[in-house]
Amino acid sequence: MSSRSLEYATSEEVFHLCTKNLQKGVGKYHFQRFIGRGIIIFQNFPKSCPILSLPIQSMAVGGDPEARHGIVLTANYIAKRAGVKTGMALWQARQVCQEIIFVPPRMDLYLRFSRMAQEIYSEYTDQREPFGIDESWLDVTASTSIKGDGMKIAKEISSRIKYELGVTVSIGVSWNKIFAKLGSDYKKPDAITEFSKDNYKDIAWKLPVGDLLMVGRSTERTMKKLCLLYTSDAADDRISVD
């Protein structure tokens, strides 16, 4: 498959890419393979920014509920547990969670926190790849001799962001970007998960295929039609869709 944007790729092409990623440790599209346990991805801090930080109240960022238009851009975990999902119309979100509070988006605030987080990341590596405003891959391989291994660096940065910025992050640590991303999604909102070469099959292979990077709803439906239900199925080199 060429390195063109995945938005033009077929579900079969995406499937092949996901399979190659799992088997060979390639990152998003065709980035080089990283060595060691040095890939960290941080995510989720906008959901813990002040406007969504009330611990006992269902909240979501969206449009104007009075005008009855707009969608949910993000929601805190209390709202998500009630059934509120990103992309849901505001009136739908109100149906599943009557007590939800909608607040307008504050992109200036998100960008401010994103910049401050990046400043902290820059003290550990210059090999950083933002993935939207709320996620970043960090290759800390060259820093481990000074800063310690990936887990130690992740714990230190998590502590600093919580203390210096007052927000939390979810972190995945692994030897490649696919599993680092999977680790950051594995536990939220304030956790660190390591997928090592010793444990990744025990954890990742049990997860639904929709949890994989680049597997959206359409691709997930296609993969399920092919009986590819779990990440272990996507990594099975005996399976072919040719």
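Everything that follows concerns the structure shown earlier in this document.
The structure contained in this document is the topic of the report that follows. (Residues numbered from 1 in each chain as written. Predicted model: local features only at pLDDT ≥ 70, side-chain atom pairs only at ≥ 80, totals over all residues. Heavy atoms only, no water.)

**Topic: the overall build of the protein chain**
What the protein chain contains, in helices and strands, is ten helices and eight strands. In the protein chain, once contacts between residues fewer than 6 apart in sequence are set aside, the share between residues at least 24 apart is 56%. Surface accessibility of the protein chain: about 12700 Å² in total, with carbon and sulfur atoms responsible for 51%. (Helix = DSSP H or I, 4+ residues; strand = E, 2+ residues; numbered from the N terminus. Contact = heavy atoms within 4.5 Å. Areas by Shrake-Rupley, 256 points an atom, 1.4 Å probe, with all protein chains shown as cover.)

**Side note on the environment of tyrosine 124**
Of note, tyrosine 124 is situated in the loop between helix H4 (107–121) and strand S5 (128–130). As for tyrosine 124 and threonine 144, which are separated by 20 residues in sequence, their C-alpha atoms are 9.2 Å apart. Not counting residues within four places of it along the chain, the set of residues in contact with tyrosine 124 comprises Ser143, Lys147, Ile153, Glu156, Ile157 and Arg160.

**Some thoughts on the packing of aromatic side chains**
Under the criterion given, the structure shown has eight aromatic pairs. Where phenylalanine 131 meets tryptophan 137, the ring centres are 4.9 Å apart and the plane angle is 40°; that geometry is what we call tilted. When the centroid spacing of 5.3 Å and the interplanar angle of 35° are considered together, the rings of tryptophan 175 and phenylalanine 179 count as tilted. Side by side, tryptophan 175 and phenylalanine 179 carry an identical accessibility label, which is buried. Taken together, the ring pairs in this structure connect Trp175, Phe179, Tyr186, Phe195, Tyr200 and Trp205 into an aromatic cluster. The positively charged end of lysine 147 is found above the aromatic ring belonging to tyrosine 124, 4.9 Å away from the centroid. Above the face of the tryptophan 137 ring, lysine 177 is positioned so that its terminal group lies 4.8 Å from the ring centre. (Phe/Tyr/Trp six-rings, centres within 6.5 Å; stacked < 30°, edge-to-face > 60°. Buried < 20%, exposed > 50% of the residue type's maximum accessible area, 1.4 Å probe, protein only. Lys NZ or Arg CZ within 6 Å of the ring centre and 35° of its normal.)

**Here's the deal with the side chain of glutamine 118**
Relative to the elements of secondary structure, glutamine 118 occurs in helix H4. Overall, the relative accessible area of 18% leaves glutamine 118 in the buried class. Look past the residues within four positions of glutamine 118 in its chain and what remains in contact with it is Arg128, Pro130 and Ser136.

**With respect to helix H7 (residues 177–186)**
In terms of residue burial, H7 counts as a mostly covered element, since eight of its ten residues are buried. Restricting attention to buried positions, one finds in H7 the residues Lys177, Ile178, Phe179, Ala180, Lys181, Leu182, Gly183 and Ser184. The opening residue of H7 is asparagine 176, an N-cap whose side-chain oxygen sits 2.9 Å from the backbone nitrogen of isoleucine 178. (Polar contact = N/O pair within 3.5 Å; in protein donor to acceptor, adjacent residues only side chain to side chain.)

**Focus on the pattern of salt bridges**
With the rule as written, the count across this model stands at nine salt bridges. Across the pair glutamate 129 and lysine 177 runs a salt bridge, and its minimum N-O distance is 2.7 Å. Within this pair, whereas glutamate 129 is found in strand S5, its partner lysine 177 is found in helix H7, the two being separated by 48 residues in sequence. By relative accessible area, which is 2% here, lysine 177 ends up buried. Its salt-bridge partner being lysine 181, residue glutamate 135 comes within 3.2 Å of it at the nearest N-O pair. Of the two residues, glutamate 135 sits in strand S6 (residues 135–139) while lysine 181 sits in helix H7, which places them 46 residues apart along the sequence. For the pair formed by glutamate 135 and lysine 181, the shared burial category is buried. One salt-bridge network, held together by shared partners, links Glu135, Lys181, Asp185 and Lys188. (Salt bridge = Lys/Arg side-chain N within 4 Å of Asp/Glu carboxyl O.)

**So, the nonpolar core**
Counting 18 residues, the largest nonpolar core has Ile120, Tyr121, Ile157, Ile161 and Leu165 as its most contacted members. Contact partners of leucine 165, with chain neighbours within four places excluded, come to Phe113, Met116, Ala117, Ile120 and Arg160. Val72, Ala75, Val84 and Met88 belong to the second largest nonpolar core, which has eleven residues in total. (Core = buried A, V, L, I, M, F, W, Y, C linked by side-chain atoms within 4.5 Å.)

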